[in-house]
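# Residue-level structure breakdown
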Amino acid sequence: MSLSAVAYNPSMMIPDYATLKLQELLCRLKERLFDCRPHESVAFDATDPDLCAGRYAGERVIIDEEQLLCRSWHAWTTLAQQLGCRMLTPERIGSGRVRIRYQKLATESFHREKNETEEKYATDGTFARIQKMEEPAFAYDYMRALQRLKIGKRRRILDLGLNRGDELEPIWELAGEKAKSLEITGIDLACDALTEAQKRWPGLRTFCHDLNRLDELELGRFDLILSIGTLQSPGIEMKPLIMDLIQKHLAPEGAILLGWPNARWIDGELLYGAHPKNYPFPELSLVIKDLFWIKKYLQQHRFRVVVTGREYLFLEATRISR
């Protein structure tokens, strides 16, 4: 039986968007979502994306002598995020259509919490529920960056903003037999999170300390300096910190991996695009400015620099051999 063999019986209450252009579809969805409260949902019928494999968005497919507009599953999930929703499990309803439901997300987010930094990232806070290594949008690009940096050859590692150490898991796995010889140092202001990290990773050396005052610690030099989602913090003096790390704490053949969140964690979802303070929409100029400055500084000191990622932006840097 073909996917379109079941007769289509639209409900009076469920609008059919299978033939609508995106601009009109967007207007109708925005109107319907405007008065929705968090976790309320709206439903609509659309062309079954499985019948559109190989077709681009807006191309047509003929089902039961009717021309329907194609959009992929990716397009529908992306649109849901852009409208502040999650897409619930669709239902196939016949005549080349699926019934899609968008559920409006709650607006609460740890990004908006006004606690002090130490409390905001504590083990009993909202941030502690987030597991970055379970999000493909983070884990895939992060692990590829580690592989390109030949993590198996990096014995001494410095992790700035360690928290509970989620990003260390693939490092130990990729190190293989050399994992026992790793010397990893983590620094953070969330002291209870560091205690949890030490329980998870025996042999880990940690300091509950301000990153702006690294000179007070006898750290030495490292084969890899790692910092994920920390350098954008308001209390970090980024430029002096970067210069200090390169000049005083990076080994001659050392590498750097830095990460910036270009996303928001809201109501269990990772949504593309960071919202700076006082902006109701994603705005990239600040993170681009920071990335450009760091890249230029590193290139001046004979580093090869690569920037990758999407929901998280990763900057990888390795020294150029003379």
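Let me sum up the structure you'll find in this document.

So, how was this worked out
Residues numbered from 1 in each chain as written. Predicted model: local features only at pLDDT ≥ 70, side-chain atom pairs only at ≥ 80, totals over all residues. Heavy atoms only, no water. Buried < 20%, exposed > 50% of the residue type's maximum accessible area, 1.4 Å probe, protein only. Helix = DSSP H or I, 4+ residues; strand = E, 2+ residues; numbered from the N terminus. Pairing = 2+ DSSP bridges. Right-handed = clockwise from strand over helix to strand, strands pointing away. Arc of directions from axis to C-beta. Contact = heavy atoms within 4.5 Å. Patch = residues over 30% accessible without salt bridge, like charges linked within 9 Å, V, L, I, M, F, W, Y side chains within 5 Å. Areas by Shrake-Rupley, 256 points an atom, 1.4 Å probe, with all protein chains shown as cover. Salt bridge = Lys/Arg side-chain N within 4 Å of Asp/Glu carboxyl O. Polar contact = N/O pair within 3.5 Å; in protein donor to acceptor, adjacent residues only side chain to side chain. Disulfide = S-S within 2.5 Å. Axes fitted to C-alpha atoms, helices over the stretch in contact; angles between N-to-C directions. Core = buried A, V, L, I, M, F, W, Y, C linked by side-chain atoms within 4.5 Å.

### Some details on the pairing of strand S8 (residues 183-188)
Residues in a regular strand point their side chains to alternate faces of the sheet. By the criterion of burial, S8 is predominantly enclosed, with 5 of the 6 residues buried. Of the pairings in the sheet, the one linking strand S7 (residues 156-160) to S8 comprises 5 bridges and is parallel in character. Within S8, the position partnered with leucine 160 by the bridge is isoleucine 187. Each parallel crossover has a hand, and the one from S7 via helix H5 (residues 169-175) to S8 is right-handed. Of the strand pairs in this sheet, S8 and strand S9 (residues 205-208) are connected by 4 bridges, and their pairing is parallel. Residue pairing in the sheet places glycine 186 in a bridge with threonine 206 of S9. Following the chain from S8 across helix H6 (residues 191-200) to the adjacent parallel S9, one finds a crossover that is right-handed.

### Overview of H6
Turning to H6, its buried residues number three or more, namely Ala193, Leu194 and Ala197. Buried residues along H6 cover an arc of 100° about the axis, so they all sit on one side. Close packing links the buried residues of H6 with S8 and S9.

### Brief notes about a nonpolar patch on the surface
On the surface, a nonpolar cluster with roughly 260 Å² of combined accessible area is contributed by Tyr272, Leu284 and Ile288. Structurally, tyrosine 272 can be placed in strand S13 (residues 269-272). Taking relative accessible area as the criterion, tyrosine 272 reaches 38% and is therefore assigned partly exposed.

### With respect to the side chain of aspartate 45
Considering the arrangement of structural elements, one finds aspartate 45 in strand S1 (residues 41-47). Assessed through its relative accessible area of 0%, aspartate 45 is described here as buried. There is a polar contact of 2.7 Å between the side chain of aspartate 45 and the side chain of arginine 99.

### As for the environment of histidine 249
By secondary structure assignment, the location of histidine 249 is in helix H7 (residues 238-249). The class for histidine 249 is buried, based on a relative accessible area of 5%. Sequence spacing of histidine 249 and lysine 132 is 117 residues, and the spatial spacing of their C-alpha atoms is 27 Å. When near neighbours in sequence (up to four residues on either side) are disregarded, histidine 249 contacts Leu214, Leu219, Gly220, Arg221, Phe222, Ile225 and Asp244.

### Points about the state of the cysteines
Counted according to the given criterion, the structure contains 2 disulfides. The residue that forms a disulfide with cysteine 191 is cysteine 208, at a sulfur-sulfur distance of 1.9 Å. Torsion about the S-S bond of the cysteine 191 and cysteine 208 cystine: about -60°, corresponding to left-handed handedness. Residue cysteine 191 is located in helix H6, and its partner cysteine 208 is located in strand S9; the two are separated by 17 residues in the primary sequence. Residue cysteine 191 is classed as partly exposed on the basis of its relative accessible area, which comes to 42%. With no disulfide of its own, cysteine 36 lies closest to cysteine 85 among cysteine sulfurs, the gap being 7.6 Å.

### Observations regarding the sheet that holds S7
Spatial strand order, S9-S8-S7-S10-S11-S15-S14: 7 strands in an open sheet with mixed pairing. In the strand order of this sheet, the two ends are held by S9 and strand S14 (303-309), each with one partner. Adjacent strand axes in the sheet meet at a mean angle of 15° when their direction is disregarded. Docked against the sheet, helix H4 (residues 136-148) engages strand S10 (222-228), strand S11 (250-261), S14 and strand S15 (312-319), running at close to 0° with respect to S15. The sheet contacts of helix H8 (residues 285-300) involve S11, S14 and S15, and relative to S15 the element is tilted by about 5°.

### Focus: the pattern of salt bridges
Here the structure, examined in full by the defined rule, presents 19 salt bridges. Residues arginine 28 and glutamate 24 are paired through a salt bridge, measuring 2.5 Å at the closest nitrogen-oxygen approach. Taken together, the positions of arginine 28 and glutamate 24, both in helix H1 (residues 22-34) and 4 residues apart, correspond to about one turn of that helix. Using a relative accessible area of 35% as the deciding quantity, one classes arginine 28 as partly exposed. Assessed through its relative accessible area of 36%, glutamate 24 is described here as partly exposed. With a shortest N-O distance of 3.6 Å, arginine 37 and glutamate 40 are connected by a salt bridge. What makes arginine 37 exposed here is its relative accessible area of 59%.

### Digging into the nonpolar core
The biggest cluster of nonpolar side chains holds 33 residues, and the ones touching the most others in it are Tyr142, Leu168, Ile171, Ile184 and Leu257. Contributions of two or more residues to this core are made by H4, H5, H6, S10, S11, strand S12 (263-266) and S15. Here leucine 257 is in contact with Tyr142, Ala145, Leu146, Leu149, Leu224, Ile225, Leu226, Ser227, Phe314, Leu315 and Glu316, once residues within four sequence places are set aside. Membership of the second largest hydrophobic core comes to 30 residues, among which are Met238, Leu291, Val305 and Leu315.

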